[in-house]
Every structure is written in structure tokens, then in C-alpha cells.
Amino acid sequence: MNTHHPIAIIGGGLGGLTAARVLHVHGIASAVFEREASAAARGQGGMLDIHEENGQKALHAAGLHEEFLKIVHEGGQSMRLVGPDATVHVSEKDDGTGGRPEVDRGDLRDLLLNSLPDDTVHWDKKVTGARPLGDGRHEVTFTDGSAITTDLLIGADGAWSRVRPLLSDATPAYTGISFAETDLHDADSRHPRSAALIGDGFFIGLGGRRGFLAHRETDGSLHVYAALTADENWLDTVDFTDPATAKSAVLAHFDDWHEDLRALIADADTLTPRRIHALPVGHRWERTAGVTLLGDAAHLMSPFAGEGANLAMLDGAELAEAIAAHHGDTEAALTSYEKALFPRSEASAAESDASMETMFGDQGLERMAAFFTSGPAAG
């Protein structure tokens, strides 16, 4: 038998949980289906800067902004930009007045999870497919053999969304940038030189179409992305199950860089490969009864403008508010939501594209230094 849920949200990331929370605030029940086995199934990644104009706006709508301020990483808005020789080109202190406070992604997810009724999130629900049933209703099937039906299907299931094909033929494309993601644990005691290099907040090292992006985490570790302009298949040529071999392969791209920067790879406790993908700038779809998308499922973009999580949360909040404002008229709600979603996400995707070209194009270091010293701060 299929279980019926009037509103089904596929994906329990920040966007899906924000949608569920804002619906709950308005007295509207929803069900979230998440592929992870539990809230503690895996780490949730690094730090996020939550922007006043979108992420924090969503937290206000969710009634969680005051609680959010309690988990902000003090000092996390500081920023340092260096070149391959480790010379500091830009350094900004966190004076507490910035509009993009840093927070641990896992802490933020927990804040949202703990604000929902216990039976809202259904864990260990990996989607195998979704299909229309007519009149705006849909069926979703899962690997455990179960299935649900719903009157409103919300795809909040990320880059490789199983809901997106109901609306669009678009698929994410490789951007030309690959990451080797690293962690250095207990940095102050075990990796003091790296800790001093990164500082208290966000760190960027750029030069020659490659670089490092790093944050100091709230647990005292350093989370680092070594970024390379590389062929899409390059990561497949490296055996990441052998840390020594993998480190050597990545370090080969930073032969002429300062040893303190190379140590962010050489001394790493973990090393994970990641390709950066994006949907086409301006991705949109025709209004289709009973289904929509939010977050990366709708507008996956490169991370170089820091907007992905913020937009996902704003999407979730605005979708929920549209549903509440047009209660009983799903199509009016989705039309209203998508009218704002499409131009907003197109502008942010274009900004992310431009930022990537700036950082990893010719004169990336010089252009980013000019941006930080003459334009608005970014985090």
C-alpha cells in the first residue's frame, strides 16, 4: 500500500528542512524523506556564511533567528587572501558588524531538525523514481520497496535530483574545477603553522588557476579545499584510497608553492576528491501541476559566491510562505514561488560563474585582491 502525504519534501538538507519548518510555523504539516539513515549518519561538511538578505531572512521566517545567533562562530567573518608564496594580500578582521556570520553546517541542520515534530523526517528513504498520477498528484518509490503518493511534491534532493526529471531535462555539467577536500584535526596543537596561516575564519590562497579555500571550524579543525583547474577525468587517475599516493598527486600541482601552503595537503588527516558541477545559468521549467524544486535541485551552481545554502533556505521559506498564502490553491502557490525563484537564482548563478572565472582565470590573485579592497566583502 502507498502512504499518502498532502505535502512531500524529498531531501532533508537545509532547504527541505527550512520549508518543513516554515510550513510548521503556519500550522501546515509536511513529510520529509531523507536518504541518509539517521541525523548522525555522516558529517555535514564545513562552515557556512549565512547572509542577511537570504539565509537569515529564511531563519526569521522560521522563527529561529535568535537561536541561530547562539551557534554563530565568533571571529568566523575574518578573511585572509594570500598568494602562492604565502604573502598576505588582504586581511580583514571580524569586528562583529558583518552581515555574513559563519556557522557550522551540522549545527544549523540540527537547529532546523530539532524545531520540527519528531515524525516529520522519514530517514533511510532513498528515491528510486517519481511519476505523475494525474491531477497534480505524484507517486514516489524508494529502495526499501515502499512508496508514497502526494498532492504536492517538492524536490529538495540536491544536485542529482530524482524529482528534477519531472520538470526538466537539464543535468549538471562539470565546471572545470576539481577539489581535493582535506581536514586537519586539532589544528592548534597538531598543526600550529597551518592554524596560524588560516587564521580565525575564511582563507583563500590563489595563483596560476589553482588555489586553496579554507575555514577554521568550531571544533578547532581546519577544513580545506585544494582547487585545481583540471580535466573532468583527472580525479579518476588518482588512487584516493592510498593517502600517500593521493597527496603526492595533488601536491604535484603545487610544486612551486610555499611549504606552509603545501602542508595543508601534506599534513592532512583526510583527503576526499570532489568535482564541481553546475546547472545551466538561468535553468527554469514550465509550470507543471503539483511539483516544484528548491535549492541545488533547482539551481545547482559553483560554490564561489557562497550562495548555495543561503538560496536553498530562502527557497524553502518562500515556497512555504506561498503555500500558506494560497492555502488550498497549490498551483497559485507554485506560480507565485517560481516567479521569484527563477530570476533570483539566475542572478546568483551568473555571479557564481563570474566569481569562478575571476578566481581561477588569469590574474586571479590580483583580481580577487582588487575585489576585496574596492568591493563588498565576500565570505
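The sections below set out a description of the structure shown in this document. For every chain, the first residue of its written sequence is number 1, and the numbers climb from 1 along that sequence. In view of the model being predicted, local features appear only for residues whose pLDDT reaches at least 70, and side-chain atom pairs are presented and counted only at 80 or more, with totals across whole chains, interfaces and linings using the full set of residues. With hydrogens and water stripped out, all remaining heavy atoms of the structure feed into the side-chain values.

Notes on the packing of helix 1 (residues 14-25) against helix 4 (residues 105-114)
Piece 1. Comment: axis = line fitted to C-alpha atoms, over the contacting stretch for helices; angle = value between 0 and 180 degrees taken between N-to-C directions. Going along the chain from the N terminus, every DSSP run of H or I of four or more residues is numbered as a helix, and every run of E of two or more is numbered as a strand. In contact at an axis separation of 9 Å, helix 1 and helix 4 are set at 25° when each is read in the N-to-C sense. When the axis of helix 1 is compared with that of helix 4, the two are roughly parallel. In the crossing of helix 1 with helix 4, the sense of the turn from one axis to the other is left-handed. Between helix 1, through L14, L17 and T18, and helix 4, the contact on the second element is made entirely by R105, L108, R109, L112 and L113.
Piece 2. Under the scheme applied here, ten amino acids are nonpolar (Ala, Val, Leu, Ile, Met, Phe, Trp, Tyr, Cys and Pro), four are charged (Asp, Glu, Lys and Arg), and all others, including Gly, are polar. Considered class by class, the residues forming the contact of helix 1 with helix 4 number five nonpolar, one polar and two charged. Comment on the angle field: the value is read as roughly parallel under 35 degrees, roughly antiparallel over 145, roughly perpendicular from 65 to 115, and oblique elsewhere. Handedness of a crossing is defined here by the sense of rotation of the near helix relative to the far one, left-handed for an anticlockwise turn of less than a right angle and right-handed for a clockwise turn. Contacts were defined at the residue level, with two residues in contact if any of their heavy atoms lie within 4.5 Å.

Concerning the environment of A370
Piece 1. Turning to its location among the elements, A370 is positioned in helix 12 (residues 364-374).
Piece 2. The spacing of A370 and V90 is 280 residues in sequence and 9.2 Å in space, taken between C-alpha atoms.

Quick notes on the side chain of H223
Piece 1. Along the chain, the position of H223 falls in strand 14 (residues 222-229).
Piece 2. Relative accessibility decides the category of a residue: with a 1.4 Å probe and only protein chains considered, values under 20% of the type maximum give buried, values over 50% give exposed, and everything between is partly exposed. Under the relative-accessibility criterion, H223 is labelled buried at 6%.
Piece 3. Here the side chain of H223 touches E181 through a polar contact of 2.6 Å, side chain to side chain.
Piece 4. A distance of 2.6 Å separates a polar atom in the side chain of H223 from a polar atom in the side chain of D183. We define a polar contact as two N or O atoms separated by no more than 3.5 Å, with the added condition that, inside protein, one atom must be a possible hydrogen donor and the other a possible acceptor, whereas residues neighbouring each other in sequence contribute only through side-chain atom pairs.

A closer look at the packing of aromatic side chains
Piece 1. Think of it this way: a Phe, Tyr or Trp ring, Trp meaning its six-membered ring, pairs with another when their centres are within 6.5 Å, and the plane angle makes it stacked under 30 degrees, edge-to-face over 60, tilted otherwise. A full pass over the atoms with the stated rule returns nine aromatic pairs.
Piece 2. Relative to Y225, the ring of F179 lies with its centre 5.1 Å away and its plane at 45°, an arrangement referred to as tilted. Of this pair, F179 sits in strand 11 (residues 173-184) while Y225 sits in strand 14, and the two are 46 residues apart along the sequence.
Piece 3. Judged by relative accessible area, F179 falls into the buried class, the value being 5%.
Piece 4. Grouping aromatic residues by their ring pairs yields a cluster made of F179, Y225, F304 and F360.

Some thoughts on the packing of helix 10 (residues 308-325) against helix 11 (residues 330-360)
Piece 1. Helix 11 packs onto helix 10 with a crossing angle of 160° between their chain directions and a minimal axis gap of 8 Å. Relative to helix 11, the element helix 10 is oriented roughly antiparallel. Taken as a pair, helix 10 and helix 11 cross one another with a handedness that is right-handed. Residues L311, L314, D315, E318, L319, A322 and I323 of helix 10 lie in contact with helix 11, whose contacting residues are A333, L334, Y337, A340, L341, R344 and S348.
Piece 2. A per-class count over the contact of helix 10 with helix 11 returns 10 nonpolar, one polar and three charged.

A closer look at the sheet that holds strand 5 (residues 88-92)
Piece 1. Note on pairing: DSSP must find at least two bridges between two strands before they are called paired. Pairing is mixed across the open sheet formed by seven strands, whose spatial order is 5-4-12-13-14-11-15. Edge positions in the open sheet fall to strand 5 and strand 15 (270-278), since each of these has one partner strand only. Sheet twist, expressed as the average angle between the axes of neighbouring strands with direction ignored, equals 15°.
Piece 2. Bridge analysis of strand 4 (residues 79-82) against strand 12 (residues 202-207) gives four bridges, and the strand direction is parallel. Pairing of L81 across the sheet is with I204, part of strand 12.

Focus: the nonpolar core
Proteins that are soluble and globular tend to have nonpolar side chains buried together.
Piece 1. I7, I9, L108, I154 and I323 are the most contacted members of the largest nonpolar core, which has 57 residues in total.
Piece 2. Sorting elements by how many residues they give to this core places helix 10 first, with seven residues.
Piece 3. With residues near it in sequence (within four places) discarded, I9 still touches G16, A19, A20, L23, S30, A31, V32, F33, I154 and A156.
Piece 4. If you look at the next biggest cluster of nonpolar residues, it comprises 31 residues, including Y174, A195, A226 and A230. Throughout, nonpolar core names a set of buried Ala, Val, Leu, Ile, Met, Phe, Trp, Tyr and Cys residues whose side chains join them through atoms within 4.5 Å.

With respect to unusual backbone geometry
Excluding glycine, residues mostly have negative phi values, and the peptide bonds linking residues are mostly trans.
Piece 1. Phi is positive for D135, which is not a glycine, with a value near 60°.
Piece 2. Of note, D135 is situated in the loop between strand 8 (127-134) and strand 9 (137-142).
Piece 3. Located in the positive-phi region is R209, a residue other than glycine, with phi close to 65°.
Piece 4. When you line up the elements, R209 lands in the loop between strand 12 and strand 13 (210-216).
Piece 5. On the basis of relative accessible area, R209 is assigned to the partly exposed category, the value being 39%.

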